[in-house]
Amino acid sequence: LHESSFVVKMLYPDVEFAYWKALFEIAPQWYDEKIYSLTRAEFYDQISEFAAHVVVKEDGDENGADGDAKLALQKQTKERILQYLIPPMQPGGNFPKEASVSLGSSPTDDENAIFPYTKQVVKFQRKRGVHVTPTCFFNGIEQSQISSSWTKKEWDDFLVR
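Everything numeric in this text was worked out from a predicted model, so none of it was measured.

Another aspect to go through is the overall build of the chain. What the chain contains, in helices and strands, is eight helices and two strands. Reading the helices (α) and strands (β) of the chain from amino to carboxyl end gives α-α-α-α-α-α-α-β-β-α. Dimensions of the chain, computed from C-alpha atoms along their principal axes, come out at roughly 40 × 40 × 35 Å. Looking at the chain residue by residue over its 161 residues, the buried ones come to 33%.

Turning next to the packing of helix H1 (residues 2-11) against helix H2 (residues 16-25). In the contact formed by H1 and H2, the axes pass within 9 Å of each other and the chain directions differ by 155°. One element, H1, and the other, H2, form an angle in the roughly antiparallel class. By crossing handedness, the relation of H1 to H2 is classed as right-handed. Across from Ser-4, Ser-5, Val-8 and Lys-9 in H1, the residues of H2 making contact are Glu-16, Tyr-19, Trp-20 and Leu-23.

Within H2, the full set of buried residues consists of Glu-16, Tyr-19, Ala-22 and Leu-23. Along the long axis of H2, the arc covered by the buried residues comes to 125°, so they all point the same way.

Tallied over the full model, the rule gives 11 aromatic pairs. Here Trp-155 and Phe-158 contribute two aromatic rings whose centre-to-centre distance is 6.2 Å and whose plane-to-plane angle is 90°, an arrangement assigned as edge-to-face. Of this pair, Trp-155 and Phe-158 both sit in helix H8 (residues 152-160), three residues apart, roughly one helical turn. Phe-158 matches Trp-155 in its accessibility class, with the two residues each being buried. In textbook terms, an aromatic cluster arises when at least three aromatic residues are bridged by ring pairs, as seen for Tyr-19, Trp-30, Phe-43, Tyr-44 and Phe-50. For the cation-ring pair, Arg-128 lies above Phe-124, with the distance from its terminal atom to the ring centre recorded as 3.4 Å.

Here we come to the environment of Cys-136. Residue placement: Cys-136 occurs in the loop between helix H7 (115-127) and strand S1 (137-138). A C-alpha to C-alpha distance of 7.1 Å links Cys-136 and Ile-146, two positions 10 residues apart in sequence.

The next subject is the confidence of the model for the chain. For the chain, the mean per-residue pLDDT works out to 90, and 95% of the residues sit at or above 70. Looking over the chain, one finds the lowest element-wise mean pLDDT in S1, namely 80, and the highest in H1, namely 95.

So, about the environment of Gln-74. Considering the arrangement of structural elements, one finds Gln-74 in helix H5 (residues 67-85). Owing to a relative accessible area of 15%, Gln-74 belongs among the buried residues under this scheme.

Glancing now at the pattern of salt bridges. Scanning the entire structure with this criterion turns up seven salt bridges. With its nearest N and O atoms 3.9 Å apart, the salt bridge here joins Lys-21 to Glu-25. With Lys-21 and Glu-25 both in helix H2 and four residues apart, this pair spans about one turn of that helix. In this structure, the salt-bridge partner of Lys-152 is Asp-156, at a minimum N-O distance of 2.7 Å. Separated by four residues within a single helix, Lys-152 and Asp-156 lie in helix H8, roughly one turn from each other. Connected through salt bridges with shared partners, the residues Asp-45, Glu-49 and Lys-78 form a single ionic network.

The subject of this paragraph is the environment of Lys-34. Here Lys-34 is to be found in helix H3 (residues 32-35). Residues Lys-34 and Gln-83, spaced 49 residues apart in sequence, show a C-alpha to C-alpha distance of 24 Å. Setting aside residues up to four positions removed in sequence, Lys-34 forms contacts with Pro-28 and Gln-29.

About the thresholds
Residues numbered from 1 in each chain as written. Predicted model: local features only at pLDDT ≥ 70, side-chain atom pairs only at ≥ 80, totals over all residues. Heavy atoms only, no water. Helix = DSSP H or I, 4+ residues; strand = E, 2+ residues; numbered from the N terminus. Buried < 20%, exposed > 50% of the residue type's maximum accessible area, 1.4 Å probe, protein only. Axes fitted to C-alpha atoms, helices over the stretch in contact; angles between N-to-C directions. Parallel < 35°, antiparallel > 145°, perpendicular 65-115°, else oblique. Left-handed = near helix turned anticlockwise from the far one by under 90°. Contact = heavy atoms within 4.5 Å. Arc of directions from axis to C-beta. Phe/Tyr/Trp six-rings, centres within 6.5 Å; stacked < 30°, edge-to-face > 60°. Lys NZ or Arg CZ within 6 Å of the ring centre and 35° of its normal. pLDDT = per-residue confidence, 0-100. Salt bridge = Lys/Arg side-chain N within 4 Å of Asp/Glu carboxyl O.

Shown next, in the form of structure tokens:
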């Protein structure tokens, strides 16, 4: 889920919070017991489909896309997201050229294009003593009041502030 969130944030920054909200609304769908038997490729396919739906719902509705145009935009968006999730050397890998400059990725990497960003985020958190959730930072400030037991309403209240 982190990787898909990073890709949405990078490619569609105006949709980032809507994506997080949509993820939290159906969080149990992404819990281990639901996805454990999926391959990495199957998971990427499902999460990119979900992300594309959210992006098109948020961006596409503003641009007046409907019907066939909306479906085409959703397919195009999913393919774009998958470029960053599927490792370039794997079946279906289609390395995004701009990732070399923006992320330092390479089309000959074993990792996916978003991996350098993921690695940077993990390093950032570990330097601050964060090794597990629910330790969270919001705008660079630790939010100690956040708990892994928070309800959707508690998250909504926090994010609205």
